[in-house]
Structure formats: structure tokens, C-alpha cells
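Now for the letters of each chain:
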Amino acid sequence: MGRISWKSFCACSWILIYGLSYIYLQVEGAFHFLFVEQTQLFLYDWAENATVLLKPAGLAVLVANFCIQHFAVAYVGPLIMSGWIVVVGVLLQCALTKAFSARIIQIMAILPVIASFCAIFVEQYHYASIVASAFLALCLWGYFEIVSHKFRLAYVWTMTIVLFLAAGSVSVLFFVITLCYELFHYRTKAYVHAIPFIAMIVLVMLGQHKQWYGELRLILLPDSFYNNRMRPLPLIYFAWASIPMAFIVATIADRLPSKQIMVRVRAITLILLLVLCGGYVFKTTPLPDVYEELDCYLRKGEWQKLLTRVKTLQRRNYVYATMQNLALAESRQLADKMFFYPQMGVKGIHPEWNKIPYLSMLLSDLYFSMGQIALSQRMAFEANVTYNNNNPRMLMRLV
């Protein structure tokens, strides 16, 4: 690449991607990461850690929770998550470098980075999925480093089981990617690599017998990285399957003729594909709701900041109006200044409960402010159940 080497170019590119990712996450999701940290309970003792580690994806969950507990510090959430996203991309690039000779194919390592932004702001999504993707990319890099066919087979056997225990459903992706790679490149011996499928069946049957998860989809699909009581959005599946998608596109591109014109066509096609994927992601990805910012002010008792922010909102609903009136009541201004702010009728003072988690939390705060302790605890119970009994704020309300 002229005066600058390819490695230096890649290093500078990843540093730039990290910086842009951090700026984007900080601008769009500063309050989202604070909200995520406040809705999870972190228990660190040997008994609790052993219980988590014995379940599929246990190690990924522990690592993610360790990172999430630091989101309470301003600017740290985007810093950590940008780092994990870039780590996935760097490890995948190392794997693609070993698997394919053409340098331009390494650009497909950006696809999981783009896909990660699909789910990072989705409510009820657990960041253990991104940690699990990093484990998957690391194992794939190790797989492509092995030259001996026998050692590769033993490696697939071992890592399928290790990944299932450490990273959950990404072990299915690891098995599928390695099997397809063998089919494309070593057809005479590829059938042997189907044998680890037996290990997958045994692990799935064991998971069902031990009741690690209630449904099969929670073992084989990314549903385990989402709230078990809800169906995940299609964006979650796109983020989960981005690494095998990158390998599929890379394999097709690698099979094209190596003539000069085809090399340019391949490069342009891969870049256009990433641009289209990026455009789709940033168009369809749900951004953090203003509710998370207002909830932060409500939780800290910063009533004036909440009221000032509500005045700037162009789009209003019953939830925002309720938080506004709760702030007025707590700051002893409701009777004097209620109509200084836009109102939305009775539902703006007391919204109807529709079993949505954040509305349950808001109603719990509202009833507590009114002195209705029994109703407040009932709403706290409903909200806590939705968060898998791990919402510290609602647990304190119940106590």
C-alpha cells in the first residue's frame, strides 16, 4: 500500500473505528448504559459464580456483568462497549487472514461491527452476546491456525463443547462455519467434521434434561441473550449471525477469478455490500428512548433537570407527562405550576398499566410517592419479575 504497510493501515483503521464507535454510543446512548446498569443486580460470591458458570454462556454472562457494573460511571459504558465491538472485528480479521489469501476479503470483518449496533440499544438485550461473539471469533482464529487435519478435527470437538459452556448458542455457529469451510476446501475428508454434530446433540439433550433453559430455542438460538419471557426482535438474529454471514460472503468472493478486473469488481462489491448493510442498520436500529434520560433524573431526584428536559420534547406521551407531574409533586410545585406544563388529561397523571416493564417501574414510583405502599410493591414485583428478579431498585422497594 505504498509507504504504509497493510498492518499499519489496519491498526489505524481499527483505532478510527473505535473512536467513531465511542462518539456514536456516547452521543446516542449516554443514558442508556446508565439505565442498563441500574436494572441489573451484580452478585459476586463463589456460590453465585459457580451457579452461573455451570450454565451455557455462563462465562460470557459473568464477563459482561463485570463490565456492565462499571456503566454507572459517566463515559465508561460507551468506552467499554466500543472496545468489545472492535475486539470482535479484530479477532475476526485475524481469522479471515488465515482462512483467505486475498487482503480485500478482510474487510468483511467490519460486518459484525456494523451488526452489533443493531442490538446494542435494544431493551432487554444482554451484552453477553457481544462477549460470546468475541469468544467465537477467537476460536475461529485458533481453528484456521491449525494445519493438521487431525488436530483440526480434535480442536472442533473440544471447542464445540467449550464454546457451548462458555458462550452458549454461538457454538452452533462455530460448528456450522468449520463444517462449511471443510466442505469447500477439503471435500474428501469433510464428512469427518460432521461427527462433532453428535457432541452438539448430546449438549442439547443435556441442556434439556438439566433444564438450563425451558425451550430449545434458548439453547440453539440467540434468544438466550434476550429476556426469556419475550420474543427477540429480528435485529437480534442479524447481529448473532453476522460472523457466519461474513464467512459466506468471503468464501464466495474468494472463489471469483483472480484476474485484475475481477479483483476490482470484488473489492467494489464488498464495499458496497458493507455500505448497504450499514445503511440498513442505522435506518432500522431503535435509538434509546428519552424515557431512559428522564428515568435517570427521576431516580436521582433531580426534579428540575427532568422538568427542563420535558419542556424541550417535541413528541409527548402519557409516560413523559406522568414523570413530569411526579417531579412537580416531589418538588412541591404540582398545585402551583401544574398547568405551566403541557398536560395530557387524567392518563398524564395516572397512566393505565399495560404490563410493560418500564411502566411498572414508573407506577411503582408513583404509588410510593402517593403513599400507596401496597400498590407500589405490587408494581415493583411485576417489574422485577420481568427483569428476571434482578432489578435492584425494585427489590429495594419490595424490602
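All of these numbers come straight from a predicted model, not from anything done at the bench.

Asker: How should the overall build of the protein be read in this particular structure?
Answerer: Counting its regular elements, the protein contains 20 helices and zero strands. The proportion of buried residues among the 399 residues of the protein is 50%. For the protein, contacts bridging at least 24 residues in sequence account for 69% of all contacts bridging at least 6. Only carbon and sulfur atoms are counted for the fraction: they give 67% of the accessible area of the protein, which is about 20000 Å².

Asker: Please explain the packing of helix α7 (residues 149-167) against helix α8 (residues 170-185) as it appears in this structure.
Answerer: When two helices pack together, their arrangement is given by the angle between the helix axes and by the axis-to-axis distance. The geometry of α7 relative to α8 is characterised by a closest axis approach of 8 Å and an angle of 160° between their N-to-C directions. The angle between α7 and α8 places the two elements in the roughly antiparallel class. Read as a crossing pair, α7 and α8 show a hand that is right-handed. Contacts between α7 and α8 involve H149, R152, Y155, V156, M159, T160, L163, F164 and A167 on the former and, on the latter, V170, S171, F174, T178 and E182.

Asker: I tried to follow the environment of N389 on my own but got confused; where do I start?
Answerer: Counting through the fold element by element, N389 comes out in the loop between α19 (373-386) and α20 (392-398). As a C-alpha pair, N389 and L41 span 348 residues in sequence and 8.6 Å in three-dimensional space. N389 has contacts with N384 and L395, leaving out every residue within four places of it along the chain.

Asker: For this particular structure, what's the right way to read α8?
Answerer: Given 3.6 residues per helical turn, the α-helix brings residues three or four places apart onto the same face. Between its first and last C-alpha atoms α8 spans 23 Å; for 16 residues at 1.5 Å apiece the expected length is 22 Å, and the two agree. If you check which residues of α8 are buried, you get V170, S171, V172, L173, F174, F175, I177, T178, L179, Y181 and E182.

Asker: What should I look at first to understand the confidence of the model for the protein in this one?
Answerer: Atom-level detail of predicted coordinates should not be read off regions where pLDDT is low. Considering every residue of the protein, the mean pLDDT works out to 81; 86% of them sit at 70 or more. Mean pLDDT across the secondary structure elements of the protein bottoms out at helix α13 (residues 260-284), with 60, and peaks at helix α6 (residues 128-145), with 92.

Asker: When you look at unusual backbone geometry in this model, what are you seeing that I'm missing?
Answerer: Residues other than glycine predominantly adopt negative phi, and peptide bonds predominantly adopt the trans conformation. One non-glycine residue, A57, lies in the positive phi region at around 65°. In this fold, A57 is placed in the loop between α2 (46-53) and α3 (58-68). Classification of A57 as buried rests on a relative accessible area of 3%. With phi around 75°, Y75 is a residue other than glycine that occupies positive phi space. Position of Y75 among the secondary structure elements: in the loop between α3 and α4 (76-99).

Asker: Looking at this model, I keep getting lost on the nonpolar core. Mind explaining?
Answerer: What tends to happen in soluble globular proteins is that the nonpolar side chains get buried as a cluster. In terms of nonpolar packing, the biggest core is built from 70 residues, with I120, Y127, L140, F174 and F247 touching the most fellow members. At 12 residues, the largest contribution of residues to this core is made by α6.

Asker: Before we go on, may I ask you to explain the packing of aromatic side chains in this structure?
Answerer: The way to describe two aromatic rings as a pair is by their centre distance and the angle between their planes. Evaluation of the coordinates by the stated rule reveals 16 aromatic pairs. One aromatic cluster is present, formed by Y24, F33, F71, F117, F121, Y125 and Y127 through successive ring pairs. Sitting above the plane of the F368 ring, R397 keeps its charged end 4.4 Å from the centroid.

Asker: I keep staring at the pattern of salt bridges and nothing clicks. Help me out?
Answerer: A side chain with one charge may pair with a side chain of the opposite charge, provided their charged atoms come close. Summed over all chains, the structure comprises nine salt bridges. Between D295 and R393 there is a salt bridge whose closest N-O contact spans 3.0 Å. Of the two residues, D295 is situated in helix α14 (residues 290-300) and R393 in helix α20; the sequence distance between them amounts to 98 residues. Judged by its relative accessible area of 1%, D295 is buried. A salt bridge links R393 to D365; the shortest N-O distance between them is 2.4 Å. Residue R393 is located in helix α20, and its partner D365 is located in helix α18 (residues 357-370); the two are separated by 28 residues in the primary sequence. Accessibility expressed as a relative area gives 15% for R393, which makes it buried. The class of D365 is buried, set by a relative accessible area of 11%.

Asker: I keep staring at a nonpolar patch on the surface and nothing clicks. Help me out?
Answerer: Side chains of W157, I161, L165, I195, I198 and V202 sit close together on the surface and give an oily, nonpolar patch of about 480 Å² of accessible area. Counting only elements with at least two residues in the nonpolar patch, the list comes to α7 and α9 (196-209). Sorting elements by how many residues they give to the nonpolar patch places α7 first, with three residues. Here V202 lies in helix α9.

Asker: How should I be thinking about the packing of α3 against α6 in this particular structure?
Answerer: Running from amino to carboxyl end, α3 crosses α6 at an angle of 120°, the nearest separation of the two axes being 8 Å. By the angle class used here, α3 and α6 are oblique. Crossing of α3 against α6: the hand is right-handed. For the pair α3 and α6, the contacting residues are L59, A60, V61, V63 and A64 in the first and A128, V131, A132 and F135 in the second. Among the residues forming the contact of α3 with α6, the class breakdown is nine nonpolar, no polar and no charged.

Quick notes on the rules
- Residues numbered from 1 in each chain as written.
- Predicted model: local features only at pLDDT ≥ 70, side-chain atom pairs only at ≥ 80, totals over all residues.
- Heavy atoms only, no water.
- Helix = DSSP H or I, 4+ residues; strand = E, 2+ residues; numbered from the N terminus.
- Buried < 20%, exposed > 50% of the residue type's maximum accessible area, 1.4 Å probe, protein only.
- Contact = heavy atoms within 4.5 Å.
- Areas by Shrake-Rupley, 256 points an atom, 1.4 Å probe, with all protein chains shown as cover.
- Axes fitted to C-alpha atoms, helices over the stretch in contact; angles between N-to-C directions.
- Parallel < 35°, antiparallel > 145°, perpendicular 65-115°, else oblique.
- Left-handed = near helix turned anticlockwise from the far one by under 90°.
- Expected span 1.5 Å × (residues − 1).
- pLDDT = per-residue confidence, 0-100.
- Core = buried A, V, L, I, M, F, W, Y, C linked by side-chain atoms within 4.5 Å.
- Phe/Tyr/Trp six-rings, centres within 6.5 Å; stacked < 30°, edge-to-face > 60°.
- Lys NZ or Arg CZ within 6 Å of the ring centre and 35° of its normal.
- Salt bridge = Lys/Arg side-chain N within 4 Å of Asp/Glu carboxyl O.
- Patch = residues over 30% accessible without salt bridge, like charges linked within 9 Å, V, L, I, M, F, W, Y side chains within 5 Å.
- Nonpolar A, V, L, I, M, F, W, Y, C, P; charged D, E, K, R; others polar.

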